[in-house]
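Reading the structure
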Amino acid sequence: KSALTMKGGGSSSNGGGGGGAGGGGDMAAGLKAAYEAVDALATQLGPRHLGVACARRQLLSGLRRWLHAGDAHAEASRSSTAGGEGSAEALLAVLDHSLELWTTQRAVLGPLHPDCAETMHDIATSLDTLLASAPRALTDRFAHVWSSPALASHAHGRAKQLRDTIAALYDLTDLESGQSPL
């Protein structure tokens, strides 16, 4: 269905969530280090520098892999309570970096570039999952953007609509199957 398939619950990170993030603590530490590295790069080069955009894309790719692995592990163990907080934090990171990446992509590539479809998909999917599983964390973290779940839900619909509009302009069947179109 997506480049970022997430289910409404959380994902378990006990005993090897995969993708280099074996447990919730490892993922949190890795996420913090990655955030710091991208923030340092943005401070040094500027938030709209292409190098920063590339770093954000790499971070998003790693987060997607971790979330996919966590979903697979949760389905196998039928226990998704342990990784819920880590998954919510990862989803918040996906949303945060996707919003920043979208701002850069709009300025550099234009709003209808196929890369923007993938970013809009990440934004819509993250919003949808966070609204279902951690609405308080979403509105607390992004109070400056969405002060209520209703506003975030509206943004989810708009992101999905924009993704579908861009996808209609290009053959993005690879994005539908979870593969990057590029």
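Throughout this description, residue numbers start from 1 for each chain and increase along the sequence as written. With the structure being a predicted model, the display of local features is reserved for residues of pLDDT at least 70 and the display and counting of side-chain atom pairs for 80 or more, all residues being used for whole-chain, interface and lining totals. Side-chain metrics rest on all non-hydrogen atoms present in the structure, leaving aside hydrogens and water.

Further remarks concern the confidence of the model for the chain. A residue-level look at the chain finds 71% of positions with pLDDT of 70 or above and a mean pLDDT of 79. Overall, residues 1–22 carries pLDDT values under 50, and its contacts beyond four positions in sequence, including any with other chains, amount to 73 contacts. The quantity known as pLDDT measures the predictor's confidence residue by residue, on a range of 0 to 100. Residue contacts follow a heavy-atom distance rule, with two residues in contact if any of their heavy atoms lie within 4.5 Å. When the criterion is pLDDT under 50, residues 76–83 qualifies, and its contacts beyond four places in sequence or with other chains add up to nine contacts.

Numbered from the N terminus, helices here are DSSP runs of H or I no shorter than four residues, and strands are runs of E no shorter than two. A helix's residues, less one, multiplied by 1.5 Å, set its expected span. End to end, helix α6 (residues 149–169) covers 31 Å across 21 residues, agreeing with the expected 30 Å (1.5 Å per residue, within 8%). Buried residues of α6: A152, A155, H156, A159, R163, I166 and A167, and no others. Projection of α6 onto a plane perpendicular to its axis shows the buried side chains occupying an angular sector of 110°, all on one side. Turned more than 90 degrees from where α6 packs its buried face, A150, H154, A168 and L169 sit exposed. Relative accessibility under 20% of the residue-type maximum defines a buried residue, over 50% an exposed one, and the middle range a partly exposed one, all with a 1.4 Å probe and only protein chains included. To be clear, the arc concerns the directions from the helix axis to the C-beta atoms.

Turning to the side chain of D115, a few remarks are in order. Of note, D115 is situated in helix α4 (residues 114–133). Given a relative accessible area of 9%, D115 falls into the buried group. We define a polar contact as two N or O atoms separated by no more than 3.5 Å, with the added condition that, inside protein, one atom must be a possible hydrogen donor and the other a possible acceptor, whereas residues neighbouring each other in sequence contribute only through side-chain atom pairs. A polar atom in the side chain of D115 sits 2.9 Å from the side chain of R57.

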